[in-house]
Amino acid sequence: MPEQATDETTLFRQSWTLYDSISEMNYMFHREIYTHVTALLSQRRASGAYSLLDLGCGNTRFIAPCLKTATPSRYAGVDLSEAALKEAHEYLRGLDNVGLYHQDMLQALQATEVSFDVIFSGYAVHHLDAKGKQDLFHACAAKLAPGGQFILVDVVREEGQTREQYLEGYLNVMRTQWTAVRPDHIEEACDHVAAYDFPETFSDLKRMAAAASLPNVRLLDRFAQHHVLVFSA
Ligand SMILES: C[S@@+](CC[C@H](N)C(=O)[O-])C[C@H]1O[C@@H](n2cnc3c(N)ncnc32)[C@H](O)[C@@H]1O
């Protein structure tokens, strides 16, 4: 892959291990959140075979155990980080019908000619700007099979909170509570968040989903800013 300019994926292309150590310490509530994801996928599996598209799959460290419990008939993971995708091959070993694609998630979703029963995204959609998110909801609606679900795990701003206020709070938590990460690494992560995180409010996400004909929304759970949302037609 040719050398890319600095962008929202730089942290994940250059130092995947930093994100891995943050998630290992459960600072973004991966344990609780992926317990919900396992339950959602198990419910879906109980009603028959299902296919799953994972947008911004990273190294799949947390979705892989869910897939081993509620195995889909086909899993497609998309990410711009080659380092993460390389690890994903290891985490997904033993599962059949797995495809990993080094692509932009919105472009991949818009281009795919197959539909999916479940579209999932964990902590990646907040990297898109508002138009990108709206386009993503439209593309999800178009590529979900009948009865399909879009499961969105992501950070969400409080109602009425500006991005600046959100960042002030989030960066403060990172600097004061993520104490197991080296201070210079925390600053690297803070720089990434400050430059590339554009979380919406829950109302904005609901409005975007409704405009894309995904009016049914469930807030399954939240852990501080970290939400588990399910959208369907
Ligand atoms: C915070 S990590 C999340 C990884 C995993 N899904 C999780 O829940 O822990 C965000 C991932 O999204 C990827 N990403 C960000 N923007 C992307 C885009 N436009 N297209 C594809 N992947 C993207 C990054 O490379 C990174 O692997």
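Up top you'll find the structure we're talking about.
Small disclaimer: the values here were computed from a predicted structure and weren't measured. Residue numbers run consecutively from 1 along every chain, following the written order of its sequence. pLDDT decides what is reported in this predicted model: residues at 70 or higher carry local features, side-chain atom pairs at 80 or more are listed and counted, and totals for whole chains, interfaces and linings draw on all residues regardless. Working from all heavy atoms in the structure, the side-chain values ignore hydrogens and water.

Engineer: Residues and numbers for the overall build of the protein chain, please.
Structural biologist: Strands are runs of DSSP state E lasting at least 2 residues, helices are runs of H or I lasting at least 4, and numbering of each runs from the N terminus. A tally of regular secondary structure across the protein chain gives 10 helices and seven strands. Taken over the C-alpha atoms alone, the protein chain extends approximately 45 × 40 × 35 Å along its principal axes. In the protein chain, the share of contacts with a sequence separation of at least 24, taken over all contacts with a separation of at least 6, comes to 70%. Surface accessibility follows the Shrake-Rupley procedure with a 1.4 Å probe radius. Residue values consider only the protein chains on display as shielding. As displayed, the protein chain has an accessible area near 10600 Å², and 51% of this comes from carbon and sulfur atoms. Every residue pair with non-hydrogen atoms within 4.5 Å of one another is taken to be in contact.

Engineer: Let's hear about the site of the ligand: which residues, and what values?
Structural biologist: Neighbouring the ligand are 20 residues, the closest being Y19, Y34, D79, D104 and M105. L80 is positioned with one of its backbone polar atoms (N or O) 3.4 Å from a nitrogen atom of the ligand. In isolation the ligand has 600 Å² of accessible area, and contact with the protein removes 97% of it. The set of elements that each furnish at least two residues to the shell around the ligand consists of α2 (16-24) and α3 (30-46). Residues of the shell around the ligand, tallied by class, amount to nine nonpolar, eight polar and three charged. By convention in this text, a residue qualifies as near a molecule or strand provided that one of its non-hydrogen atoms is within 4 Å of it. In the analysis that follows, any N or O atom pair within 3.5 Å is treated as a polar contact, provided that within protein one partner can donate a hydrogen and the other can accept it, and provided that, for residues neighboring in sequence, both atoms belong to side chains. In this count, Pro and Cys sit with the nonpolar residues alongside Ala, Val, Leu, Ile, Met, Phe, Trp and Tyr, while Asp, Glu, Lys and Arg are called charged and the others, Gly among them, polar.

Engineer: Tell me about the side chain of D20, residues and numbers included.
Structural biologist: Its location among the elements puts D20 in helix α2. You can call D20 buried: its relative accessible area is 12%. Buried, partly exposed and exposed residues are distinguished by accessible area as a fraction of the type maximum, computed with a 1.4 Å probe on protein chains only: under 20%, between the cut-offs, and over 50%, respectively.

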